[in-house]
Amino acid sequence: MSPSTPRKPGSEQPEKKTRPGKATPAAKAASAKASSAKGSGARASSAKSGSTKASSTKANGAKASASGARAGARTGRRAGKGRPGTSSSDLLGLLVLIVTGSLAACGWIRNQGGSDAPGGPVTTAPDGAQVTIRFLDVGQGDAILIRSPEGKTALIDGGRSAARLTDALKQYGVTRLDLMIATHADADHIAGLVPAAALNPRVFINNGLGGTTQTWERLVAALQDVNATFVKASNQTVNLGSVKLRVLAPPPGMPDEQNTNSVGLAVQFGEFRALMTGDSETPETEGWLAQERADVRGPFQVYKSIHHGASNGDSAAWLASVRPQNVVISVGQNSYGHPTDAALRLYRQSGARVYRTDRQGTVTFQGRADGTYTAETER
């Protein structure tokens with residue numbers, strides 16, 4: 001272990017594809033119809049503040065959506081395992097559009113009218129409390145574990161290795177997940193989420209683009225088996241106890257592919273802030289900058305390198321906005337040249353301290369509400 005002193009604020013193989021990931025117009029229409037019915041049901045149901053347990057209206061909405069997809073979507077896609085007539089990718093594409101209203105009613109997740117709109121009720125943390133953010137060493141991939149001072153947990157991505165992710169969760173005593181986010185559907189971000197679904201995440205957020213691999217099918221099936229609520233990223237605020245998570249939806253006009261539709265997440269605990277944006281590429285970061293979002297303006301004490309330090313990820317303009325104090329590169333042995341010299345040069349020019357999970361193992365930050373923090377590496 002190599003703890004630091006408190007600081008002040010200031011080879012991967014492609015998977016077999018099974019089908020396209022986009023829903024047809026007919027399926028989208030069926031989803032919109034189900035969404036209307038879902039909203040009415042959500043308003044009629046009662047829920048305790050801070051709870052996102054799926055209600056019977058969710059099941060009814062999902063059933064209606066699946067029925068509509070079977071009636072209207074003739075895509076020739078292979079049906080999801082155990083769910084004849086509709087693939088798991090189709091079903092997820094429908095589900096993510098119909099549940100946000102009921103979650104907003106609970107106060108745990110609130111859609112933002114704009115990037116600066118407030119979230120729901122926030123728990124007040126005791127003096128000296130800390131948020132813990134661990135960038136897990138899962139090889140070539142991303143997996144970030146966040147724990148609030150109250151013990152609420154969120155897992156953002158799960159890496160390519162199910163075994164490594166499972167071992168890491170056991171190592172850090174995680175027995176329950178409150179929130180799971182897949183920034184996008186590439187295997188090096190979601191394979192580890194499949195076993196993690198057994199920890200009963202209440203809510204699953206993704207970019208709304210169905211994946212095209214068997215791993216994606218397994219993830220959707222595993223989440224359905226534990227009745228997780230599917231939500232499409234749409235600039236929500238999530239209150240993880242006293243920690244506020246700002247979800248960054250992909251900006252409009254992105255190319256129809258996974259990386260440039262990565263979901264971003266800005267973490268805030270008092271004056272302590274962290275930012276992670278999956279495998280975003282330059283068009284997406286430029287889109288966020290054009291929106292003049294306050295939640296991507298630094299400084300950030302902690303920042304996750306985009307796309308494992310790829311040359312088409314971070315840019316000088318983006319880092320000038322983010323102003324990171326520390327950059328964590330989640331990377332393992334790979335044939336892509338990650339992290340690239342260009343990315344490493346950008347980080348040096350920004351003045352940030354750089355951590356790498358391939359060299360230092362899991363990297364942990366513990367942030368306090370006054371903006372001070374400690375950093376610790378596994379080796």
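Residues numbered from 1 in each chain as written. Predicted model: local features only at pLDDT ≥ 70, side-chain atom pairs only at ≥ 80, totals over all residues. Heavy atoms only, no water.

What follows deals with the pattern of salt bridges. A complete count under the given rule lists 6 salt bridges for this structure. One continuous salt-bridge network, built from bridges that share partners, spans D137, R164 and R379. (Salt bridge = Lys/Arg side-chain N within 4 Å of Asp/Glu carboxyl O.)

A word on the sheet that holds strand β4 (residues 153-156). Pairing between the strands of a sheet comes from backbone hydrogen bonds, and it takes one of two forms, parallel or antiparallel. With respect to topology, 8 strands assemble into an open sheet ordered β7-β6-β5-β4-β3-β2-β15-β16, the strand pairing being mixed. The open sheet has two free edges, formed respectively by β7 (229-232) and β16 (373-377), since each of these has just one partner strand. Each strand of the sheet is rotated relative to its neighbour by a mean of 15°, with strand direction disregarded. Set on the sheet, helix α8 (residues 214-225) makes contact with β5 (179-181), β6 (203-206) and β7; between it and β6 the angle comes to about 150°. (Pairing = 2+ DSSP bridges. Helix = DSSP H or I, 4+ residues; strand = E, 2+ residues; numbered from the N terminus. Axes fitted to C-alpha atoms, helices over the stretch in contact; angles between N-to-C directions. Contact = heavy atoms within 4.5 Å.)

The description of an aromatic ring pair uses the distance of the two centres, along with the angle that the planes make with each other. All told, the structure shown has 7 aromatic pairs when counted by the stated rule. Aromatic pair F204 and F230: ring centres 5.7 Å apart, planes at 75°, arrangement edge-to-face. One end of the pair, F204, is in strand β6; the other, F230, is in strand β7, and 26 residues separate them in sequence. Each member of the pair F204 and F230 is classed as buried. By the ring-pair criterion, three or more aromatic residues cluster together here, those being F135, F272, Y355, F365 and Y373. Across the ring face of F300, the terminal group of R273 is positioned such that the distance to the ring centre comes to 4.0 Å. (Phe/Tyr/Trp six-rings, centres within 6.5 Å; stacked < 30°, edge-to-face > 60°. Buried < 20%, exposed > 50% of the residue type's maximum accessible area, 1.4 Å probe, protein only. Lys NZ or Arg CZ within 6 Å of the ring centre and 35° of its normal.)

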